[in-house]
Amino acid sequence: MPTYNIVEQGADDTGDTAIDPVLSDLAGDDTTIIFEPGTYRLNELVVPDGTDDFELIAPDGARLVPGRSGDSIRWIDVYSNGFVLDGFELDMRDVEVPPFVRMNPEAGNWELRRLITRGEVRAATDTNVGSGTSGDARTYFRLSVSEGTRGLLQDCYFHEGSCEPTEASNRRAVLVESGSGALTFNRCWFESWGENTVYAKKPEGKLKILNCFVRNSQNGLRLGGNTEVRNCVSIKNAEHPRQAWSNGSLQRGVNAEATTLTASERGINSYDGTLTVADSDFYHRYVDSSCGGAITAPAPCQRLDIQNVRISYISTKQHDAIYTLNGRMNNGTPLNLEYLQLENVHVRNDHGSQYGISIEQVPDTWGTVSGVLGGTGAQTDSEYVRERMTVNGNPTAPDTTPPLPTPSPLGEIPMQDAQLIRIDNDGNSAPTTYQITAGEYVLPAANDGATMTMSWGPNGEPRRPPNSAVATGTVPAGKSYAFYVTGGIVSTEADGPATWTVDGDVYEPGSEEALLANTIVNGTWQWKQAESVVQPNGVVIAKPVSFNGGEPVHVRLRNVADGNYEYRLEEWEYQDSGHVSETFHTLAAEQGERELPLGDGSVYRVKSGRETVSSEETTVSLNSFFDQLPVVLAQSQTFNGSDPIVTRLSNVSTQSFGVVCQEEEENGAHTNETVGYIALQQAAGELNEQSFEVQRTGDSITDEWTRLSFEQQYDDPKFVADMQTFDGQDTANLRYRNLTGTGVDIRVQEEQSADTETAHTTEAIGYAVFEGSI
């Protein structure tokens, strides 16, 4: 497959000159074009039928700027098979009327990934308020997928919408025009759109809308049959734009409207099949007629299946929270609701005159009906529902956490720093079980044809960031799963024949380096939840602290054993507890002995563990694991005693070391705490393709600032350190300043509870430096 760097081929990356001539010359079958970070002006890209497996990839993010303006002007227009657009900012900030992006009915196996729109996507007809014709509506992304193929819209952010909340717009985010193939939306964010946000009631093929978020937009999801909505969130809690042509009459969450005439030859069928809404949450609480029902069926499709849904609703619009109306006609045939299920549905309805659940069109067949209705409004007009659900109860409130990360800041694209794990079980006859633990979160992906799982949580349920640090499950025989991992791979486990890769490189599950380096900025004296997680019963070292504030301070941890640990800056008891923000780095590891491969092929040794320690010294055995003097880092993982403490080390050798919990000098003994330690072999080189070094100084560091020079140079150094000796008995810990890619200043800082002097004798310091996240 030919791969080209577009800049090396002569394209301008400043945005001054259009890249069309260069791109046109490079376009071809089985071709990948790489975009380096920069700005690229594009007038028009047409990918004709026959130009298959053509990919535009920006691995580290790049910006595309339209060279032309207008509703009827195409920007990216694809007719081919296997097109990929991945990793771009679509910058509309200086475009009066942005052109459109289209995947045509002939297109298939296309993937639009990691895209984020900058600027409002207005339409030339946005001034036609109250025009009364839906023909004024315009679309930004027009999507179709051909029979027997698939299309993927993943990690795409349309969060700046089409106009301000007080304005009107005829611009919708996405129109699914037609198609008999399978189409998936995964982790897409929509906000502040004035037209039907996602208009997708027509396609005959399977449509899945997964892990998506719609906030304060017009008609969120306008759908037909053969569609699934899973783990999605709809919020209406403030004013939002209205349709220009209707002046804002269509205000709903998920709206079933099977009124389009069936035309299978064009891939259109809005009625046949089931519309499923599952594991989703609706918070529609804006007291205005712009806030409509959560799940509505003014013209139901064949079957409606609603499961595990939570709704909170109040409005002045004449909508029920959930309702079915008598179906309209489709080509002379009444639209009959054949099946309706309302399983584990929770609705709080506070509307003054509408129902929580209203059933005007009764289904031919009922599925399971269960759940809870509550609130100050009317409960239901259906006796069948009333007999099977708890009424005037206490329904579970919706979880409004977005099922995807918040939009990236300007200059970054979604999942920019993520690793892509692929578990390929194609061609195998047995399943493969897996478990992935991430430093921040792990989320399923469908890259390059991977099957999308919706049960990756530890209990077989979907998860939402930041509560999605662990993915677990089974890859069936003949299938492939993929996951984005942020914050580094903490650990992996597998049982089965599947082949694993990380960012395209073959990977042995369970062989990951046992270390996870991270930065925590703006640490404060209040307890805060760490964004990174560790394996349950793992070890976290968070020292030393920067020197923004001169008062003695250190980091205290708790709940490390749970994996989701907390931290705070802890001053001594004689101080006032308040402290300015500081920065520190953390190093995390699983317990146990590990031999990790270095970049030069040699073996690197790490040993981690947990011990019960008090103010009496505890000796910890290293079991002769090291053949040279290691660097030991230790810190309390618990908060059993509220008096401030630091941990001090002594007698570090290849065989063992001593450790003690030390309170301030004025205080006495301390209760038992669980102290975690990470012992590291002294070395310098590359670990997991990232530079690192672990060194020990001579017995020379005092309370005066000393500059440590690193053996290697780092772009994003993570620095952790601990005293290796107990030469000075006064309570003390380390502080650092002026951390750069080549070195750092360090000193020993005593506290002053017993006296005012802070002079400290010489100590040996052990430290580790890592490039980015290991």
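Residues numbered from 1 in each chain as written. Predicted model: local features only at pLDDT ≥ 70, side-chain atom pairs only at ≥ 80, totals over all residues. Heavy atoms only, no water.

Undergrad: I'd like to hear about the sheet that holds strand S26 (residues 295–299), residue by residue, with values.
TA: A sheet is described by the order of its strands in space; here twelve strands give the open sequence S5-S7-S9-S11-S14-S16-S19-S23-S26-S28-S32-S34, paired in parallel fashion. Two strands bound the open sheet, and with one partner strand each, they are strand S5 (45–47) and strand S34 (378–380). Strand-to-strand twist in this sheet, taken as the mean axis angle between neighbours without regard to direction, amounts to 15°. Bridging between strand S9 (residues 100–103) and strand S11 (residues 138–145) involves three bridges; their strand directions are parallel. In the sheet register, Met 103 faces S11, and the bridge partner there is Leu 143. (Pairing = 2+ DSSP bridges. Helix = DSSP H or I, 4+ residues; strand = E, 2+ residues; numbered from the N terminus. Axes fitted to C-alpha atoms, helices over the stretch in contact; angles between N-to-C directions.)

Undergrad: How would you sum up the nonpolar core? Please name residues and give values.
TA: Core analysis: the largest hydrophobic core is formed by 90 residues, its most contacted members being Phe 35, Phe 83, Phe 141, Val 174 and Phe 185. Discounting residues that sit within four places of it in the chain, Phe 83 has contacts with Leu 45, Val 47, Phe 54, Leu 56, Ile 76, Val 78, Met 103, Gly 108, Asn 109, Trp 110, Glu 111 and Leu 112. Core analysis: the next-biggest nonpolar cluster, separate from the first, contains 31 residues, Met 415, Tyr 441, Val 475 and Tyr 481 among them. (Core = buried A, V, L, I, M, F, W, Y, C linked by side-chain atoms within 4.5 Å. Buried < 20%, exposed > 50% of the residue type's maximum accessible area, 1.4 Å probe, protein only. Contact = heavy atoms within 4.5 Å.)

Undergrad: Describe the pairing of strand S4 (residues 39–42), with residues and values.
TA: Only one face of S4 is covered, namely the face carrying Tyr 40 and Leu 42; the face carrying Thr 39 and Arg 41 is uncovered. Both S4 and strand S6 (residues 54–66) contribute to a ladder of four bridges, which runs parallel. Note that in S6 the partner of Leu 42 across the bridge is Pro 66.

Undergrad: Requested: an account of the environment of Glu 44, with residues and values cited.
TA: Relative to the assigned elements, Glu 44 resides in the loop between S4 and S5. Under the relative-accessibility criterion, Glu 44 is labelled partly exposed at 29%. Apart from residues lying up to four places away in sequence, Glu 44 is in contact with Asp 20, Arg 68, Arg 74 and Trp 75. Among the polar contacts made by the side chain of Glu 44, one reaches the side chain of Arg 68 at a distance of 3.2 Å. (Polar contact = N/O pair within 3.5 Å; in protein donor to acceptor, adjacent residues only side chain to side chain.)

Undergrad: Before we move on, can you summarise unusual backbone geometry with the specific residues and values?
TA: Put simply, Pro 465 and Pro 466 share a cis peptide bond, and its omega is 5°. Within the secondary structure layout, Pro 466 lies in the loop between strand S37 (441–445) and strand S38 (470–475). Cis geometry is adopted by the peptide bond preceding Pro 544, which originates at Lys 543 and carries an omega value of -5°. Within the element layout of this structure, Pro 544 appears in strand S45 (residues 539–545). Unusually for a residue other than glycine, Asn 211 sits at a positive phi of about 55°. As for its placement among the helices and strands, Asn 211 is situated in the loop between strand S17 (207–210) and strand S18 (213–215). Of the residues examined, Asn 211 reaches a relative accessible area of 1% and is grouped as buried.

Undergrad: Residues and numbers for the packing of aromatic side chains, please.
TA: Each aromatic ring pair is specified by the distance between its two centres and by the angle formed by the two planes. In the structure shown here, the tally under the stated rule is 25 aromatic pairs. The interplanar angle of 50° and the centroid separation of 6.4 Å between the aromatic rings of Phe 54 and Phe 83 together place this pair among those described as tilted. Separated by 29 residues along the polypeptide, Phe 54 in strand S6 and Phe 83 in the loop between strand S7 (74–78) and strand S8 (84–91) bring together distant segments of the chain. For the pair shown, Phe 54 and Phe 83 are each scored as buried. A ring pair is formed by Phe 547 and Trp 705, whose centres lie 5.1 Å apart and whose planes are at 80°; its orientation type is edge-to-face. Of this pair, Phe 547 sits in the loop between S45 and strand S46 (554–558) while Trp 705 sits in the loop between strand S57 (690–696) and strand S58 (706–709), and the two are 158 residues apart along the sequence. When its relative accessible area of 25% is taken as the criterion, Phe 547 is described as partly exposed. Judged by relative accessible area, Trp 705 falls into the partly exposed class, the value being 24%. Among the aromatic residues, ring-to-ring pairing joins Phe 710, Tyr 714, Phe 719, Tyr 736 and Tyr 767 into one connected group. The ring of Tyr 339 carries Arg 303 above its face, with NZ or CZ at 4.3 Å from the centroid. One cation-aromatic arrangement involves Arg 605 over Phe 625; the distance from NZ or CZ to the ring centre is 5.4 Å. (Phe/Tyr/Trp six-rings, centres within 6.5 Å; stacked < 30°, edge-to-face > 60°. Lys NZ or Arg CZ within 6 Å of the ring centre and 35° of its normal.)

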